[in-house]
Amino acid sequence: MPTLHHLAHADSSARESEMLAWAADKPVTLLLPALYAECERPALPRILEEVSQAGHISEVILSMNGMDAAEHERALRLCRQNLKGKKAHLLWNDGPQLSRVYERMDEAGLAGPHAGKGSNIWMGIAYLHARGFDGIIVSHDTDILNYSRDLLWRLCYPLLHPRMGYRFAKGYYSRVSDRLYGRVTRLLIFPLIQACRDVLGSKPMIEHLDSYRYPLSGEFAADMEALKGFSLPGGWGLEIAILCEAFRHLPGEQQCQVDLGFHFEHRHRSLAHDQIGVNEPGLIAAAADVARCLAYQVLREAEPRSAESLLRRIIERYRPRAAEWLQRYEHVALLNDLHHDHAEETAAVTAFGHALDRLLQSLGEEGSLRVPAMRETPAQTLTKIPGLAAEIVASAVVV
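Keep in mind that this is a model prediction, so the values were computed, not measured. (Residues numbered from 1 in each chain as written. Predicted model: local features only at pLDDT ≥ 70, side-chain atom pairs only at ≥ 80, totals over all residues. Heavy atoms only, no water.)

Draft legend 1. Representation of the overall build of the protein. When helices and strands are tallied, the protein shows 15 helices and 11 strands. Taken over C-alpha atoms, the radius of gyration comes to 20 Å for the protein, in line with the 21 Å a tight globule of 399 residues would show. With the principal axes as the frame, the protein shows a C-alpha extent of 55 × 50 × 40 Å. When burial is assessed residue by residue, the protein has 56% of its 399 residues classed as buried. Considering only contacts within the protein whose residues lie at least 6 apart along the sequence, 83% involve residues at least 24 apart. Of the roughly 16,200 Å² that the protein leaves accessible, carbon and sulfur atoms contribute 50%. (Helix = DSSP H or I, 4+ residues; strand = E, 2+ residues; numbered from the N terminus. Rg over C-alpha atoms; globule rule 2.2 N^0.38 Å. Buried < 20%, exposed > 50% of the residue type's maximum accessible area, 1.4 Å probe, protein only. Contact = heavy atoms within 4.5 Å. Areas by Shrake-Rupley, 256 points an atom, 1.4 Å probe, with all protein chains shown as cover.)

Here you go:
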């Protein structure tokens, strides 16, 4: 899989002008998953203002949850004010109409309600598929405090350029300011992937995951033909699932990862075990969700008893691998004169290990490794449930 490096400061306006011409034949929709809480924080309004000036983005879909009727109205007003007339629709994922859609899915055995980013992304893809959209979907997080439109054109460019031919692009960037961030990636996912290789060998799926610089980034772009065939979970395992689905459905030469720049400042999650807010898990709860999805993707073909034994060995290997990465990142911090809290980093590794132990325990209790709200593809779901596509389309509110 190619890595497209950021080697120079390209003329952003020239790049956007190029893409405006290409997007006439291959429209680009920006899909933004968000909690209502982001409407009351500084990042989302700024993002929408920047996006309003991106001519190559034909439409914005805000797929939101965590709000009541009054907050839904406030979200609409915020979007109208900041998008400045750009075509946009808002999907209220826990509102009355889409709640009924999830109920129908549950009745059909196709996974019911599950509040989370994965559900918001899945519903956004299903909505666009139901409408007959056949272009490119680009998506990124909505808590980026120093957002720039450069992120957008860099993600879209490999899919729009007539000589590139990519169908999936994953963004990556550094998580650093005065210290290193991205603890779930650095201290859980990287050593866990290595532990999987130690136990299972160099399987293609594991090598694919290991090739990504930032597998948990929320930034990606893909064509609709691919995305409508992706099976995705409702929660925080979304990013891992997308990478695994891209591996299963697309040849390597049609995928790439794109260097988006030096640093994008996100909100940072607490290391607390409890919830930090409505629908907002702390770092460990989110990490446990991600680890469960990774284990499921890697072990999904194994027999249940074999899966439990393999997961036990993987977790045993995780701890020495995590110790290696812990030391590695301390050295990176020392070299770059960054603040490094050894006790806090060690506490994170310990907490991640406990989360993995609980995952192993749940596998023994449940008899198989399950991912919450792992639902069928949007295309399959809309085909199997008559009239569901029309219900989803009717639920969208014009911004």
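Draft legend 2. Seen up close, the packing of helix α4 (residues 96-107) against helix α15 (residues 388-395). Where α4 contacts α15, the two axes come as close as 9 Å, and the packing angle between them is 160°. With respect to α15, the axis of α4 lies roughly antiparallel. Helix-helix and strand crossings are classified by hand; for α4 and α15 the assignment is left-handed. Two secondary-structure elements touch here, α4 through Gln97, Leu98, Arg100, Val101, Arg104 and Met105 and α15 through Leu388, Glu391, Ile392, Ala394 and Ser395. (Axes fitted to C-alpha atoms, helices over the stretch in contact; angles between N-to-C directions. Parallel < 35°, antiparallel > 145°, perpendicular 65-115°, else oblique. Left-handed = near helix turned anticlockwise from the far one by under 90°.)

Draft legend 3. Fine view of the packing of aromatic side chains. Applying the stated criterion across every chain, the model contains 5 aromatic pairs. Judged by centre distance (6.1 Å) and plane angle (75°), the ring pair of Trp153 and Tyr157 falls under edge-to-face. Placement of the pair is Trp153 and Tyr157 together in helix α6 (residues 150-160), with a separation of 4 residues, close to one helical turn. A relative accessible area of 4% places Trp153 in the buried class. We classify Tyr157 as buried; its relative accessible area is 10%. Each residue in the set Trp22, Trp153 and Tyr157 is aromatic and connected to the rest through ring pairs, giving one cluster. In this structure, Arg186 packs its charged tip against the face of Tyr329, placed 4.9 Å from the ring centre. The lysine or arginine in question, Arg375, covers the ring of Trp122, its NZ or CZ lying 5.3 Å from the ring centre. (Phe/Tyr/Trp six-rings, centres within 6.5 Å; stacked < 30°, edge-to-face > 60°. Lys NZ or Arg CZ within 6 Å of the ring centre and 35° of its normal.)

Draft legend 4. Geometry of the nonpolar core. Residues Leu90, Leu188 and Phe352 are the most contacted members of the largest nonpolar core, which totals 138 residues. If sequence neighbours within four positions are ignored, Leu90 has contacts with Leu62, Met64, Met67, His72, Ala75, Leu76, Cys79, Ser395, Ala396, Val397 and Val399. (Core = buried A, V, L, I, M, F, W, Y, C linked by side-chain atoms within 4.5 Å.)

Draft legend 5. The environment of Lys170, seen in detail. Along the chain, Lys170 turns up in strand β6 (residues 168-174). Residue Lys170 is classed as buried on the basis of its relative accessible area, which comes to 3%. Along the primary structure Lys170 and Cys256 are separated by 86 residues, whereas in three dimensions their C-alpha atoms are 6.4 Å apart. Of the polar contacts made by the side chain of Lys170, one reaches the backbone oxygen of Ser217; its length is 2.6 Å. (Polar contact = N/O pair within 3.5 Å; in protein donor to acceptor, adjacent residues only side chain to side chain.)

Draft legend 6. Inspection of the side chain of Ser52 at higher detail. Here Ser52 lies in the loop between α2 (43-51) and β3 (57-65). On the accessibility criterion, Ser52 (18% relative accessible area) is buried. With sequence-adjacent residues up to four places away left out, Ser52 is seen in contact with Asn82, Leu83, Lys84 and Lys86.

Draft legend 7. Layout of the pairing of strand β5 (residues 136-139). Residues Ile136 and Val138 point to one face of β5 and Ile137 and Ser139 to the other, with burial holding for every one of them. Sheet analysis places strand β2 (residues 28-35) next to β5, joined by 4 bridges and oriented parallel. Bridging from a neighbouring strand, Thr29 pairs with Ile137 of β5. Relative to strand β7 (residues 220-223), β5 is paired through 4 bridges, and the arrangement is antiparallel. Each bridged residue has a counterpart across the sheet, and for Ile137 the counterpart in β7 is Ala222. (Pairing = 2+ DSSP bridges.)

Draft legend 8. Spatial organisation of the pattern of salt bridges. Evaluated as defined, the whole model comprises 27 salt bridges. Residue Glu239 pairs with Lys117 through a salt bridge whose shortest N-O separation is 2.5 Å. With Glu239 in helix α10 (residues 238-249) and Lys117 in helix α5 (residues 117-131), this residue pair connects regions lying 122 residues apart in the sequence. With respect to burial, Glu239 and Lys117 carry one shared label: buried. Close ionic contact of Asp198 with Arg317 constitutes a salt bridge, the shortest N to O distance being 3.1 Å. You can see Asp198 sitting in helix α7 (residues 183-200) and its partner Arg317 sitting in helix α12 (residues 304-335), a full 119 residues away along the chain. Residue class for Asp198 comes out partly exposed when judged on its relative accessible area of 32%. Judged by relative accessible area, Arg317 falls into the partly exposed class, the value being 31%. Overlapping salt bridges bring together Asp198, Arg317, Arg321 and Glu324 as one network. (Salt bridge = Lys/Arg side-chain N within 4 Å of Asp/Glu carboxyl O.)

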